[in-house]
Amino acid sequence: MAGRVDLDGNPINPMTICMIGAGGFIGSHLCEKLMSETPHTVLAVDVYSDKIKHLLEPTSLPWNGRIQFHRINIKNDSRLEGLIKMADLTVNLAAICTPADYNTRPLDTIYSNFIDALPVVKYCSENGKRLVHFSTCEVYGKTIGAFLPEDSPLRQDPAYFVLSEDASPCIFGPIEKQRWSYACAKQLIERLIYAEGAENGLEFTIVRPFNWIGPRMDFIPGIDGPSEGVPRVLACFSNNLLRHEPLKLVDGGHSQRTFIYIKDAIEAVFLMIENPARANGHIFNVGNPNNEVTVKQLAEMMTQVYSKVSGETPLETPTVDVSSKEFYGEGYDDSDKRIPDMTIINRQLGWNPKTSLWDLLESTLTYQHRTYAEAVKQAMSKTTAN
Ligand SMILES: NC(=O)c1ccc[n+]([C@@H]2O[C@H](COP(=O)([O-])OP(=O)(O)OC[C@H]3O[C@@H](n4cnc5c(N)ncnc54)[C@H](O)[C@@H]3O)[C@@H](O)[C@H]2O)c1
Ligand SMILES: O=c1ccn([C@@H]2O[C@H](COP(=O)(O)OP(=O)(O)O[C@H]3OC[C@](O)(CO)[C@H]3O)[C@@H](O)[C@H]2O)c(=O)[nH]1
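Here the structure is a predicted model, which means the values were calculated and not measured.

Here is what the cut-offs are and how they apply
- Residues numbered from 1 in each chain as written.
- Chains lettered and ligands numbered in written order.
- Predicted model: local features only at pLDDT ≥ 70, side-chain atom pairs only at ≥ 80, totals over all residues.
- Heavy atoms only, no water.
- Near = heavy atom within 4 Å.
- Polar contact = N/O pair within 3.5 Å; in protein donor to acceptor, adjacent residues only side chain to side chain.
- Areas by Shrake-Rupley, 256 points an atom, 1.4 Å probe, with all protein chains shown as cover.
- Helix = DSSP H or I, 4+ residues; strand = E, 2+ residues; numbered from the N terminus.
- Nonpolar A, V, L, I, M, F, W, Y, C, P; charged D, E, K, R; others polar.
- Expected span 1.5 Å × (residues − 1).
- Buried < 20%, exposed > 50% of the residue type's maximum accessible area, 1.4 Å probe, protein only.
- Contact = heavy atoms within 4.5 Å.
- UniProt positions renumbered as here; feature names shortened; annotations may be inferred.

Undergrad: Where do I start with the site of ligand 1 in this structure?
TA: Near ligand 1 you find 25 residues, and of these Phe25, Asp46, Asn73, Tyr182 and Trp212 are the closest. Contact distances for ligand 1 include 2.9 Å between an oxygen atom and a backbone N or O atom of isoleucine 26. One nitrogen or oxygen atom from the main chain of tryptophan 212 is found 2.8 Å from an oxygen atom belonging to ligand 1. In isolation ligand 1 offers 820 Å² of accessible surface; the protein chains occlude 89% of this area. Looking at the shell around ligand 1, the elements with two or more residues in it are α1 (25-37) and α7 (181-200). For the shell around ligand 1, a count of residues per class yields 15 nonpolar, seven polar and three charged.

Right, here's the structure in full:
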């Protein structure tokens, strides 16, 4: 840890980071790396702590005293401003960010992603504190290419689908497609942060994650989350594989995504945290353009990888089609394709992702199998007995 320097060769001084949403998927990985590789202190704010329990106890851990957990709901807790004031930097990860909620709980989604983030921005701005705010690749919505005729050769031209921070438009569906409540709330908070920077000098960085996946993402329904809950696709498909049931392809699984390994993505966030001169005032795409698949291809790959890591034979019919209305309910809509332009993050931070989709699925599904297979087996045998 001694002699750590930033990208310009300047020494990195230990800092205090107020991390809101530290108990979630991304927060847990960020805390883990901050504890093991830096001298920084984390004031970890969340309503849950299960995913960072291994960092908080026992007190004999080498980083004892450098991470404090504050069980706070930022909607209504006056302690938040004090924590932001105590810190050099605030990282805001707190959000409702599972698509199954966007059209079924649109009010909670808008409040969580816009209204609840307002005081965080305000306290940072008023107290002259730096803010790293987590937005989403969903602010791009659909690609321009999605509106071209199916057989148009222009669909092959990157100009019609690669998503760049300073050039691409944000294209959402009509208001009745409440799927876009999340993207729209995230877009407005981005605009507010940007305006605070322009008018009041707020030092900010906005992160747009493109489908980060890995261990500890979401929950397995009925095991460490509600039986009727619908997590993001990695956990949905993991759940199906653990239960030996077909993976459900929403509307044929034609949508395309680029997936990035959480550990690669966390490297990018580290560079932002420790290189303020290069990161302030920027919006960064963080994704892996080389890992693009359709959801159907993802299902096929996860089936193969899971069979390898578990030693179990895949089902004869590994996938089943389901309509989005049946799976998510009224008001669902989808992003067609998400390829991040990497120009800005490359230029500012020299960062590139490393891990292939196959490799990241292998380590993630090994974790899922090791963590959940036994619990799922027991839960299933209990259900059968009843
Ligand atoms: N994982 C991805 O690929 C991805 C993609 C795009 C955007 N993001 C953004 O990154 C951020 C983190 O995502 P994640 O995948 O870790 O999600 P997550 O749900 O695992 O983590 C969010 C955390 O915020 C906490 N939280 C929510 N509301 C809170 C409140 N009112 N008070 C205190 N804590 C609260 C939750 O308890 C949870 O632990 C979110 O803002 C999300 O929109 C993530
Ligand atoms: O069982 C399932 C679950 C999902 N799908 C389809 O997979 C695509 C991806 O779904 P998901 O990972 O749940 O979420 P999105 O990529 O659509 O949105 C997320 O992107 C970033 C973020 O902002 C935060 O993580 C969030 O909004 C999608 O096409 C589903 O329909 C499936 O076929 N089967």
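Text resumes after the structure shown.
Undergrad: It is not clear to me how α7 should be interpreted in this structure. Could you clarify?
TA: Every α-helix winds through 3.6 residues per turn, so residues three or four apart in the chain are directed the same way. With 20 residues, α7 should reach 28 Å at 1.5 Å per residue; the first-to-last C-alpha distance of 28 Å fits that figure. Considered for burial, the residues of α7 that qualify are Ser181, Tyr182, Ala183, Ala185, Lys186, Gln187, Ile189, Glu190, Ile193, Glu196 and Gly197. Tucked into the core, α7 has its buried residues touching α4 (99-102), α5 (106-113), α6 (118-126), β5 (130-134), β7 (204-209) and β12 (282-286). Glycine 201 sits one or two positions beyond α7 and adopts a positive phi of about 75 degrees.

Undergrad: Mind showing me how you'd approach the side chain of asparagine 103 here?
TA: Examined against the element boundaries, asparagine 103 turns out to sit in the loop between α4 and α5. At 3.0 Å, the side chain of asparagine 103 forms a polar contact with the backbone oxygen of tyrosine 328. Beyond its immediate chain neighbours, meaning those up to four positions away, asparagine 103 contacts Gln178, Arg179, Tyr328, Gly329, Glu330, Gly331 and Tyr332.

Undergrad: Sorry if this is basic, but what is going on with the UniProt feature "domain: NAD-dependent epimerase/dehydratase" (unreviewed entry) in the protein chain here?
TA: UniProt records the feature "domain: NAD-dependent epimerase/dehydratase" (unreviewed entry) at residues 17-287, using the numbering of this structure. Across residues 17-287 one finds 34% helix and 18% strand; the C-alpha atoms that close the span lie 24 Å apart.

Undergrad: Help me understand unusual backbone geometry in this model?
TA: Glycine aside, residues mostly have negative phi angles, and peptide bonds mostly take the trans form. Note that the residue after glutamate 57, namely proline 58, is joined by a cis bond; omega there is -5 degrees. Relative to the assigned elements, proline 58 resides in the loop between α2 (53-56) and β3 (67-71). Its identity as a non-glycine residue notwithstanding, aspartate 218 has a phi of 55 degrees, on the positive side. Looking at where aspartate 218 falls in the secondary structure, it is placed in the loop between β8 (212-213) and α8 (233-242). Within the chain, histidine 244 stands out as a residue other than glycine whose phi angle is a positive 55 degrees.

Undergrad: Explain the site of ligand 2 to me, please; I cannot follow it from the model alone.
TA: Contacts to ligand 2 come from 23 residues, most closely from Tyr102, Glu138, Tyr182, Arg232 and Asp334. In this structure, an oxygen atom belonging to ligand 2 sits 2.7 Å away from a side-chain N or O atom of tyrosine 102. Within the backbone of lysine 248, one N or O atom sits 2.7 Å away from a nitrogen atom of ligand 2. In isolation ligand 2 has 670 Å² of accessible area, and contact with the protein removes 96% of it.

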